[in-house]
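# Observations on the model geometry
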Amino acid sequence: MVTGNANLRARPAMDAEIMASLRKGESYDASTNRVVNPKALSDEPREWVEITAPSSARVWIAAGLVDLAAKKVKAEKAHLRAGPGTNFAEVGHVPKGTEVDVSTQLDGWIRIAAPLGSVKGYVAADLTKPENPAPAPADLRARMKPPVVQPPVGRPMPTPLPMNARSEEHTS
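A short tour of the structure in this document, coming up. (Residues numbered from 1 in each chain as written. Predicted model: local features only at pLDDT ≥ 70, side-chain atom pairs only at ≥ 80, totals over all residues. Heavy atoms only, no water.)

Of regular secondary structure, the protein possesses 1 helix and 12 strands. Per-residue burial over the protein gives 33% buried out of 172 residues. Counting every atom, the protein has about 12000 Å² of accessible surface; 53% of that belongs to carbon and sulfur. (Helix = DSSP H or I, 4+ residues; strand = E, 2+ residues; numbered from the N terminus. Buried < 20%, exposed > 50% of the residue type's maximum accessible area, 1.4 Å probe, protein only. Areas by Shrake-Rupley, 256 points an atom, 1.4 Å probe, with all protein chains shown as cover.)

Written out as structure tokens, the structure reads:
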């Protein structure tokens, strides 16, 4: 779950392309994959969580790989990118026959809704929390009885030390 408004990015870095804006309280399919960006600046997040992009995320596919009349991918495997060009980050892929929801065309590229389960992105870890966190363990001390200390066989129990180890009485 996103704990604050957050951007879904193509890579685990603040300078990565933004694929979608996520709203506080919305749930997403998050993996347990956490990534640390060692190049992050001191005022940037270092830890990121990989999530499956929602269909509200927009990605790009080369126009030649899509049958526009059928709105389906015609290549055996088509790479999806965060922007309209090979210089943008690759964020997923789809097999032949995948239906696409076309929104925009630009210079030989088509902007589409991210096909379900095909695109991964990153959100700063400090803006997320598990959807169903594991229940906190019960306070076992409240239910446990103090252990019974048995002296070693053949030896007497040690004498307890006095509780107040001060040499004079404390008055304040």
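And the narrative resumes.
Grouped together as the largest cluster of nonpolar side chains are 28 residues, with contacts concentrated most on Leu8, Met19, Ile61, Leu80, Val91 and Val119. If you list the elements that add at least two residues to this core, you get strand 1 (6–9), strand 2 (18–22), strand 4 (47–52), strand 5 (58–62), strand 8 (77–81), strand 9 (90–95) and strand 11 (109–113). If sequence neighbours within four positions are ignored, Ile61 has contacts with Val66, Val73, Ala78, His79, Leu80, Trp109, Ile110 and Ile112. (Core = buried A, V, L, I, M, F, W, Y, C linked by side-chain atoms within 4.5 Å. Contact = heavy atoms within 4.5 Å.)

This next bit is on the environment of Asn37. With respect to the secondary-structure elements, Asn37 resides in the loop between strand 3 (30–36) and strand 4. Separated by 10 residues in the primary sequence, Asn37 and Glu47 have C-alpha atoms spaced 6.4 Å apart. In this view, Asn37 contacts Pro12, Ala13, Arg46 and Trp48; residues no more than four positions away in its chain are not counted. In terms of polar contacts, Asn37 uses its side chain to reach the backbone carbonyl oxygen of Pro12, at 3.0 Å. Side-chain polar atoms of Asn37 contact the backbone nitrogen of Lys39, separated by 2.9 Å. (Polar contact = N/O pair within 3.5 Å; in protein donor to acceptor, adjacent residues only side chain to side chain.)

We now examine unusual backbone geometry. Here the phi dihedral of Lys71 falls at roughly 55 degrees; this positive angle occurs in a residue that is not glycine. Inspection of the secondary structure puts Lys71 in the loop between strand 6 (66–67) and strand 7 (72–73). Phi is positive for Asp107, which is not a glycine, with a value near 45 degrees. Looking at the element boundaries, Asp107 is found in the loop between strand 10 (102–106) and strand 11. According to the relative accessible area criterion, Asp107 is exposed, its value standing at 72%.

Another point: the environment of Pro84. Locating Pro84 in the fold gives a position in the loop between strand 8 and strand 9. For the pair Pro84 and Gly108, spaced 24 residues apart in the sequence, the C-alpha separation amounts to 8.1 Å. When near neighbours in sequence (up to four residues on either side) are disregarded, Pro84 contacts Trp60, Leu106 and Trp109.

Here the structure, examined in full by the defined rule, presents 4 salt bridges. When the shortest N-O distance is used, the salt bridge between Asp15 and Arg11 registers 3.7 Å. Assessed through its relative accessible area of 65%, Asp15 is described here as exposed. Arg11 sits in the partly exposed class, given a relative accessible area of 34%. (Salt bridge = Lys/Arg side-chain N within 4 Å of Asp/Glu carboxyl O.)

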